[in-house]
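# An overview of the molecular structure
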Amino acid sequence: MGESAKNIVELDVNELIKKLNKALADEWLAYYQYWVGAKLAKGPMRQAVVSELVEHANEELKHAEMLADRIIQLGGTPIVEPKAWYNETNCGYDAPMDPKTVKLLEQNIKGERCAIAVYNALLKFIGGKDPVTYEMVLSILKDEIEHEEDLQSILEDIQTK
Ligand code: FE
Ligand code: FE
Ligand code: MG
């Protein structure tokens, strides 16, 4: 761990690490929800839905990696026990019990809306007090906004057919 990474943060670093770990739990659950949803998808516009879900799964995994790397830079430990994902998550896990594309899209749109709210709140918490984490969270937030839009567009295409 580099000393300065943590020293220049003008926030309670433990509280920041806790929030980053909660977001990490969200990202792993989002990753799996997309990943398994893509395997199971059935119904209208299946191909388009599957490729979007796979793309988003990979992007959620990239977010998990960014969060874990930042937690380590700050002297923390990323969640090491998958069971803790359920305790720490902000947005929960919506199991794709019904594999219909419309249902999967609706579930994942709900998840993206939660992610957008979580990251927006995190930006407000950080303010100007940790520009490095701020910039990382902003870049994740931009992806989540794109995710919501991509899913909603496909849903609209299905519904206006
Ligand atoms: Fe994400
Ligand atoms: Fe997302
Ligand atoms: Mg996309």
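Residues numbered from 1 in each chain as written. Chains lettered and ligands numbered in written order. Predicted model: local features only at pLDDT ≥ 70, side-chain atom pairs only at ≥ 80, totals over all residues. Heavy atoms only, no water.

## What about the coordination of the iron ion (ligand 1)?
For the iron ion (ligand 1), the full set of protein donor atoms is Glu27 (OE), Glu27 (OE), Glu60 (OE), His63 (ND1) and Glu144 (OE), and the range of their distances to it is 2.0 to 2.4 Å. In this structure, the iron ion (ligand 1) lies 3.9 Å from the iron ion (ligand 2), and both are coordinated by Glu60. Of this pair, Glu27 sits in helix H2 (residues 13–40) while His63 sits in helix H3 (residues 46–73), placing them 36 residues apart in sequence. Taking relative accessible area as the criterion, Glu27 reaches 3% and is therefore assigned buried. (Donors = N, O, S within 2.8 Å, 3.2 Å for Na, K, Ca; no water. Helix = DSSP H or I, 4+ residues; strand = E, 2+ residues; numbered from the N terminus. Buried < 20%, exposed > 50% of the residue type's maximum accessible area, 1.4 Å probe, protein only.)

## Digging into the coordination of the iron ion (ligand 2)
The protein atoms that coordinate the iron ion (ligand 2) are Glu60 (OE), Glu112 (OE), Glu112 (OE), Glu144 (OE) and His147 (ND1), at distances spanning 2.0 to 2.4 Å. Each donor residue of the iron ion (ligand 2) belongs to the same chain, and together they define the spacing E-x51-E-x31-E-x2-H. The class of His147 is buried, set by a relative accessible area of 0%.

## Considerations on the nonpolar core
Burial of nonpolar side chains together is a common tendency in soluble globular proteins. Core analysis: the biggest nonpolar cluster contains 23 residues, and Leu16, Leu20, Leu67, Leu74, Tyr119 and Val137 have the highest contact counts within it. Going through the elements one at a time, H2, H3, helix H5 (101–126) and helix H6 (131–159) are the ones with two or more residues in this core. Not counting the four nearest positions on each side in its chain, Leu20 is found in contact with Leu67, Arg70, Ile71, Leu74, Leu122, Thr133 and Met136. Core analysis: the next-biggest nonpolar cluster, separate from the first, contains 15 residues, Tyr31, Ala57, Leu104 and Ile154 among them. (Core = buried A, V, L, I, M, F, W, Y, C linked by side-chain atoms within 4.5 Å. Contact = heavy atoms within 4.5 Å.)

## Quick look at the pattern of salt bridges
Taken as a whole and assessed by the stated rule, the structure comprises 7 salt bridges. A salt bridge links Asp130 to Arg70; the nearest nitrogen and oxygen atoms lie 3.2 Å apart. Of this pair, Asp130 sits in the loop between H5 and H6 while Arg70 sits in helix H3; the two residues are 60 residues apart in sequence, bridging distant segments of the chain. By the burial criterion, Asp130 is buried, and Arg70 matches it. Salt bridges here are not isolated pairs; linked through shared partners, they connect Lys18, Lys22 and Glu88. (Salt bridge = Lys/Arg side-chain N within 4 Å of Asp/Glu carboxyl O.)

## Details of the state of the cysteines
With the rule as written, the count across this model stands at 1 disulfide. Sulfur-sulfur distance for the disulfide between Cys91 and Cys114 comes to 2.0 Å. Between Cys91 and Cys114, the S-S dihedral sits near -90 degrees, and the bridge is therefore left-handed. One end of the pair, Cys91, is in the loop between helix H4 (83–88) and H5; the other, Cys114, is in helix H5, with 23 residues separating them in the sequence. Overall, Cys91 belongs to the partly exposed group, its relative accessible area being 27%. Cys114 gets classed as partly exposed once you look at its relative accessible area, which sits at 24%. (Disulfide = S-S within 2.5 Å.)

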